[in-house]
Amino acid sequence: SGFMRRFLIDTDTGTDDAVALIMALRDPGVKVEAITTVAGNVDVDRATQNALISVERAETYAPPVYKGLGMPILRERIKADKSVHGEDGMGDLNLPKAKLTPADGHAVDFLIRYIEDNPGELEMVTLGPVTNLALICHRSPQTLAKLKKIYMMMGTGTWFGNATPMAEGNASMDPEALDIVLRYAKTEIILVGWDLCTNEYYFTGEDIAAIYAAGSHIAKFCLDINHTLMTLNERRFGVKGIDFADPVAMAVALEPDMVEQSVTAYTRVETNTGLAYGAIAIDYFHRQGKQPNATTCLKLDAQKMKDCIIRRIV
């Protein structure tokens, strides 16, 4: 059809973000128009450097990378757990510094201008905390409504948390930002939670061996940087493998028909700092009588999802 979907990707580039970026950059039906960065898995300077490395490693084309916000809207910045992505967010493989450099200007200013200039044309995928988007809501309240959709790696669906017993990492790193975006974005939001990369969605040792066996140097890079996560997962789940959070969210964005079950409802996040801080509350039974503002994916075709990721990195 020749129709190219136009993506903006906002990322706190750790090892699974890198894989998601590479997937999008290697998808023939998508043009990544820009990448914006935010603090999360790593600080924002490191996230920017890691995004530039990821762009180079995709070996396709180089969209501009804009540096965004370096701290959450309100809460103290959580120091990310090094056992997940390594100290440098890329598995501590001493990767050479990127030759590419960040684009001039702040991510938030760029996004406001670019979305306003292309109303109804762009889709956004967020792979980290949504701090940049929250600031857009405050600075330019009409802007996010001009996006076609926002796909977010966010929340836990109806599953347990991974950052706290009730909350997932991206939500937990900036709950206030997420609540602002849920309330004020006024566009279609699709939440792909951590639950969709565990259980039947988990990349097992066999899955990983098969990808390595395909002999692609890009796929090898995508798995090598995730070695810290594999070690952690052996401890966490007793089974070697990868819970590929950001690639799963990207897979849903690239092939939305893999979603087999979802719920669209009024959705908020807990911003009181108790046990449930960062937990997402879905008003499934419409008790609050409020307009639905987000769709939470509940079930994917696991095989389609895995194939989607593998096809784009091998």
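So, a few notes on the structure that sits alongside this text. (Residues numbered from 1 in each chain as written. Predicted model: local features only at pLDDT ≥ 70, side-chain atom pairs only at ≥ 80, totals over all residues. Heavy atoms only, no water.)

## Description of the packing of helix H1 (residues 15-25) against helix H2 (residues 44-58)
In the contact formed by H1 and H2, the axes pass within 9 Å of each other and the chain directions differ by 40°. With respect to H2, the element H1 is oriented oblique. As H1 runs across H2, the sense of the crossing is right-handed. Of H2, the residues touching H1 (which contributes Ala18, Leu21, Ile22 and Leu25) are Ala51, Ser54, Val55, Arg57 and Ala58. (Axes fitted to C-alpha atoms, helices over the stretch in contact; angles between N-to-C directions. Helix = DSSP H or I, 4+ residues; strand = E, 2+ residues; numbered from the N terminus. Parallel < 35°, antiparallel > 145°, perpendicular 65-115°, else oblique. Left-handed = near helix turned anticlockwise from the far one by under 90°. Contact = heavy atoms within 4.5 Å.)

## Observations concerning H1
Across the 11 residues that make up H1, a large majority, 11, are buried. Looking only at H1, the buried set comprises Thr15, Asp16, Asp17, Ala18, Val19, Ala20, Leu21, Ile22, Met23, Ala24 and Leu25. (Buried < 20%, exposed > 50% of the residue type's maximum accessible area, 1.4 Å probe, protein only.)

## Regarding the state of the cysteines
This model, assessed by the stated rule, comprises zero disulfides. No disulfide involves Cys197; its nearest neighbouring cysteine sulfur is the one of Cys297, lying 13 Å away. Residue Cys197 is classed as buried on the basis of its relative accessible area of 0%. Here Cys308 is not disulfide-linked; the sulfur of Cys222 is the nearest cysteine sulfur, at 13 Å. On the basis of relative accessible area, Cys308 is assigned to the buried category, the value being 0%. (Disulfide = S-S within 2.5 Å.)

## Describing the side chain of Thr48
Residue position: Thr48 is located in helix H2. Thr48 has contacts with Thr37, Val65, Lys67 and Pro102, leaving out every residue within four places of it along the chain.

## Concerning empty space enclosed by the protein
Summed over all chains, the structure comprises one cavity of 30 Å³ or more. The volume enclosed by the largest cavity comes to roughly 70 Å³. As for the largest cavity, its lining consists of Val38, Ala39, Gly40, Leu69, Met71, Pro72, Arg77, Ile78, Pro129, Thr131, Met173 and Asp174. Of the residues assigned to the lining of the largest cavity, the class counts are eight nonpolar, two polar and two charged. (1 Å grid on protein atoms, 1.4 Å probe; cavity = no way out; pocket = protein on both sides within 12 Å on 5 of 7 lines; lining within 4 Å. Points joined across faces, edges and corners; volume = space filled by probe spheres on them. Nonpolar A, V, L, I, M, F, W, Y, C, P; charged D, E, K, R; others polar.)

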